[in-house]
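An overview of the molecular structure
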Number of protein chains: 2
Amino acid sequence: MAMENLKQFLVVLSAAAAIGFIAIIFVLRWVLHFQDGLAWDGGLAEFNWHPVLTVTGFIFLQGIAIIVYRLPWTWQCSKLMMKFIHAGLNLLAFVFAVIAMVAVFDFHNAANIPNMYSLHSWLGLTAVILYGLQLVLGVGMYLIPVTPVSWRATFMPFHVYGGLLLFASIIAVALMGITEKLIFGLKDPKYKDSPPEAIFVNVLGVLLVLFGSLILWIATRTSWKRPRDQILHSLHTNGGGGDNTKVASALSQLQDGSDAEATGDVRKRSNKADEQAN
Amino acid sequence: MAMENLKQFLVVLSAAAAIGFIAIIFVLRWVLHFQDGLAWDGGLAEFNWHPVLTVTGFIFLQGIAIIVYRLPWTWQCSKLMMKFIHAGLNLLAFVFAVIAMVAVFDFHNAANIPNMYSLHSWLGLTAVILYGLQLVLGVGMYLIPVTPVSWRATFMPFHVYGGLLLFASIIAVALMGITEKLIFGLKDPKYKDSPPEAIFVNVLGVLLVLFGSLILWIATRTSWKRPRDQILHSLHTNGGGGDNTKVASALSQLQDGSDAEATGDVRKRSNKADEQAN
């Protein structure tokens, strides 16, 4: 990565990390200062685990998982190790999301509030299920050594698009959750009277949008991707299943791409290599 | 576009168009059947213009505006004409959004409900303002002939990313609006009792997410982009300001890209050409 490019990357990354941390502080202050704190008692303090685990796990950890391949200081590490970190962070985010859901179901059941009636709950549960599916398919495709390289390449656009779409959708679902909670939770003064809690949690919503926007920007800049020689290496070490023709063909395409890059300023990529680089 | 690729494009496009139409029918049935209909009287029937104009204009028309360059039957048209259609549809969507906002402010003021207290209103107003800014910058950059090609190329990643981010954000804001309206609007039975209106409008929310997902999929497939010879042509006809060196360099890069494409199956692109192709 050229120096200028690296500097820009670090600025955007620092902004994303800072905003992510501030969002976590905001959600903690929301439940600890404005609300009843955290507990596992079937009451509002159990409900409070829902926003805390969503913001820290399902949004922040997932955001980091998405851009983990972009961190230049990891480009010395093997691609396989980075895949494990990517999968591990996503698994952790998934666990946080599941506990966050259990907290709400528990709270609803204890308070005799119906489950799964709101658009927030429909889209939220769908997102958690699809996220679990994405995790299983991701491990099956990219961490099990015998999966043919051709399958990996075919599935990659869906893996990348599905991952980014889920990330954006989960932030949208969180914004709906904030809306619901502020309407139901604020009684006197109400949400429409803009008490300090309303303003504070609205700002949390804005922070989540900013965090999401920066993560998606980082994830979609092609010039910030992990360089290709590492991919070559990972194909050599991971792709030697029973699909050697495909491997050879993929390798020749990748090398072709690298040659092109060496010849001038203009960065050329084959689509296959692009997809592999995620 | 190869035949197989074209077929896949048409399937996804048809699905997006069908889901978009169904969403429009749903929002109309919501306000005409479940709610008080449409009027401009300061009451709930005026408020109802808000979801109708948002779904038809700010979401559906904007979605079409985003993918208008992808329609293969427009590839015979000049790029300039397609730019005018892209800008015109976005302008129309913007007008719809502004009227949608006026309807809410009018309704709030008549009913003595405070304005701009909710996260929905904060993010919605921000989205409308940024959308207006994007429109002004887009016209300034890509429709005014004197803007240097180098500026156009530099701004293109921001134009594309900003456009897609705004589109996704506006759908998220609509989902928050649905949540608010169902909580405030449904009294007996309430939202949590899942009356038919609640289920019906939840489904509208799901349709909006599906529409958005398909539009974003279409917009981000590189192999569905308008072919490059058209871009060459548009650079020749639009880019002849006072920036001829840049034009020549851009042209040579683009031709370079085309040559690469002609030599084999693997599609190669320069990043600049990619961005230009939007």
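Computed from a predicted model, the values in this text were never measured in an experiment.

1. Topic: the overall build of chain A
In terms of helices and strands, chain A carries 10 helices and one strand. Listed N to C, the secondary structure of chain A is α-α-α-α-α-α-α-α-α-β-α in terms of helices and strands. Burial analysis of chain A (278 residues in total) assigns 56% to the buried set. In chain A, of all internal contacts separated by at least 6 residues, the share reaching a separation of at least 24 is 74%. With an accessible surface of roughly 11,900 Å², chain A has 69% of that area assigned to carbon and sulfur atoms.

2. Re unusual backbone geometry
Here aspartate 188 of chain A and proline 189 of chain A are connected by a cis peptide whose omega angle stands at 5 degrees. Mapped onto the fold, proline 189 of chain A is located in the loop between α6 (149-185) and α7 (196-220). A positive phi angle, near 55 degrees, is found at asparagine 112 of chain B, a position not held by glycine. Note on placement: asparagine 112 of chain B falls in the loop between α4 (79-110) and α5 (119-142). Here asparagine 112 of chain B falls in the exposed class, since its relative accessible area comes to 70%. Positive phi values are uncommon outside glycine, yet serine 194 of chain B reaches one of about 50 degrees. Within the secondary structure, serine 194 of chain B sits in the loop between α6 (149-185) and α7 (196-220). Judged by relative accessible area, serine 194 of chain B falls into the partly exposed class, the value being 29%.

3. Section: the relation of the copies chain B and chain A
The transform that puts chain B on chain A rotates by 180 degrees and translates by 0.0 Å along the axis, for an RMSD of 0.0 Å. The relationship between the two copies is best expressed as a two-fold rotation axis. Taken as a fraction of all interface residues of chain B, those also at the interface in chain A reach 100%, which identifies the copy contact as same-surface.

4. Observations concerning a positive patch on the surface
On the surface, Lys187, Lys190 and Lys192 of chain A together with Lys187, Lys190 and Lys192 of chain B cluster together to form a positively charged patch. One can find lysine 192 of chain A in the loop between α6 and α7.

5. Side note on the interface of chain B and chain A
At the interface, 43 residues of chain B touch 43 residues of chain A. Between chain B and chain A, a total of about 3,900 Å² is buried, with carbon and sulfur atoms accounting for 72% of that surface. Among the residues of chain B in contact with chain A, Tyr117, Leu119 and Tyr161 of chain B are the three that bury the most area, contributing 16% of the side total. Taken together, the links from chain B to chain A amount to zero salt bridges. Put simply, the parts of the chain that give the side of chain B that touches chain A at least two residues each are α5, α6, α7, α9 (244-262) and β1 (268-270) of chain B. Here the residues of the side of chain B that touches chain A are counted per class, giving 24 nonpolar, 12 polar and seven charged.

6. So, the packing of α5 of chain B against α6 of chain B
Residue and element names in this part refer to chain B. At their nearest, the axes of α5 and α6 sit 9 Å apart, and the two run at 155 degrees to each other. Judged by the angle between their axes, α5 and α6 are roughly antiparallel. Where α5 crosses over α6, the handedness of that crossing is left-handed. Looking at the contact of α5 with α6, its residues break down into 15 nonpolar, eight polar and two charged.

7. Some words on the packing of aromatic side chains
Residues and elements named next belong to chain A. Under the counting rule described, the total for this entry stands at 26 aromatic pairs over all chains. A connected cluster of aromatic rings, assembled from ring pairs, spans Phe21, Phe60, Phe167 and Phe211. The ring of tryptophan 217 has arginine 221 sitting right over it, with the charged end atom 3.6 Å from the ring centre.

8. Considerations on the nonpolar core
Among the nonpolar cores identified, the biggest contains 126 residues, and Leu204 and Leu208 of chain A together with Leu204 and Leu208 of chain B are the most heavily contacted of them. Leaving out residues up to four positions away in the same chain, leucine 208 of chain A has contacts with Ala23, Val55, Ile59, Ile171, Ala174 and Ile178 of chain A.

9. Side note on the environment of valine 31 of chain A
Residues and elements named next belong to chain A. By the element assignment, valine 31 lies in helix α1 (residues 3-34). Distance from valine 31 to proline 51, taken between C-alpha atoms, is 8.4 Å for residues 20 residues apart in sequence. Not counting residues up to four positions away in its chain, the partners in contact with valine 31 are Asp36, Gly37, Leu38, Asn48, Pro51 and Val52.

10. Details of the UniProt feature "transmembrane region" (unreviewed entry) in chain A
Residues and elements named next belong to chain A. Look at the UniProt record and you will see "transmembrane region" (unreviewed entry) annotated at residues 9-32, 52-72, 84-105, 125-146, 158-178 and 198-219. Helix makes up 76% of residues 52-72 and strand makes up 0%, while its end C-alpha atoms are separated by 30 Å. Its end C-alpha atoms 32 Å apart, residues 198-219 is made of 100% helix and 0% strand.

11. Some words on the environment of serine 14 of chain B
Following the sequence through the fold, serine 14 of chain B ends up in helix α1 (residues 3-34). As for serine 14 of chain B and leucine 214 of chain B, which are separated by 200 residues in sequence, their C-alpha atoms are 9.9 Å apart.

12. Points about the confidence of the model for chain A
Low pLDDT means the predicted coordinates in that region are not meant to be read closely. On average, chain A scores 87 in pLDDT, and the residues at 70 or more come to 82%. In this model, residues 239-278 of chain A is a region of pLDDT below 50 whose contacts with residues beyond four sequence positions or in other chains number 74 contacts.

13. Thoughts on the side chain of glutamine 35 of chain B
All names here are of chain B. As for its placement among the helices and strands, glutamine 35 is situated in the loop between α1 and α2 (44-47). Taking the relative accessible area as the measure of exposure, glutamine 35 reaches 13% and is therefore buried. Not counting residues within four places of it along the chain, the set of residues in contact with glutamine 35 comprises Trp30, Asn48, Lys181 and Glu197.

14. A few points about the side chain of serine 213 of chain A
With respect to the secondary-structure elements, serine 213 of chain A resides in helix α7. You can call serine 213 of chain A buried: its relative accessible area is 13%. Contact partners of serine 213 of chain A, with chain neighbours within four places excluded, come to Tyr161 and Leu165 of chain B.

15. Here we look at the packing of helix α3 (residues 49-67) of chain B against α5 of chain B
Residues and elements named next belong to chain B. Two elements in contact, α3 and α5, have axes separated by 14 Å at closest approach and are oriented at 45 degrees. Judged on the interaxial angle alone, α5 and α3 are oblique. Considering the relative orientation of α3 and α5, their crossing is left-handed. On the side of α3, the interface is formed by His50, Phe58 and Gln62, while α5 contributes His120, Ala127, Val128 and Tyr131. The residue inventory of the contact of α3 with α5, partitioned by class, reads four nonpolar, three polar and no charged.

Reading the values: rules and limits
- Residues numbered from 1 in each chain as written.
- Chains lettered and ligands numbered in written order.
- Predicted model: local features only at pLDDT ≥ 70, side-chain atom pairs only at ≥ 80, totals over all residues.
- Heavy atoms only, no water.
- Helix = DSSP H or I, 4+ residues; strand = E, 2+ residues; numbered from the N terminus.
- Buried < 20%, exposed > 50% of the residue type's maximum accessible area, 1.4 Å probe, protein only.
- Contact = heavy atoms within 4.5 Å.
- Areas by Shrake-Rupley, 256 points an atom, 1.4 Å probe, with all protein chains shown as cover.
- Least-squares fit on C-alpha atoms with pLDDT ≥ 70 in both.
- Patch = residues over 30% accessible without salt bridge, like charges linked within 9 Å, V, L, I, M, F, W, Y side chains within 5 Å.
- Salt bridge = Lys/Arg side-chain N within 4 Å of Asp/Glu carboxyl O.
- Lys, Arg positive; Asp, Glu negative; His and termini not counted.
- Charge placed at Lys NZ, Arg CZ, Asp CG, Glu CD.
- Buried area = accessible area lost by both parts, 1.4 Å probe.
- Nonpolar A, V, L, I, M, F, W, Y, C, P; charged D, E, K, R; others polar.
- Axes fitted to C-alpha atoms, helices over the stretch in contact; angles between N-to-C directions.
- Parallel < 35°, antiparallel > 145°, perpendicular 65-115°, else oblique.
- Left-handed = near helix turned anticlockwise from the far one by under 90°.
- Phe/Tyr/Trp six-rings, centres within 6.5 Å; stacked < 30°, edge-to-face > 60°.
- Lys NZ or Arg CZ within 6 Å of the ring centre and 35° of its normal.
- Core = buried A, V, L, I, M, F, W, Y, C linked by side-chain atoms within 4.5 Å.
- UniProt positions renumbered as here; feature names shortened; annotations may be inferred.
- pLDDT = per-residue confidence, 0-100.

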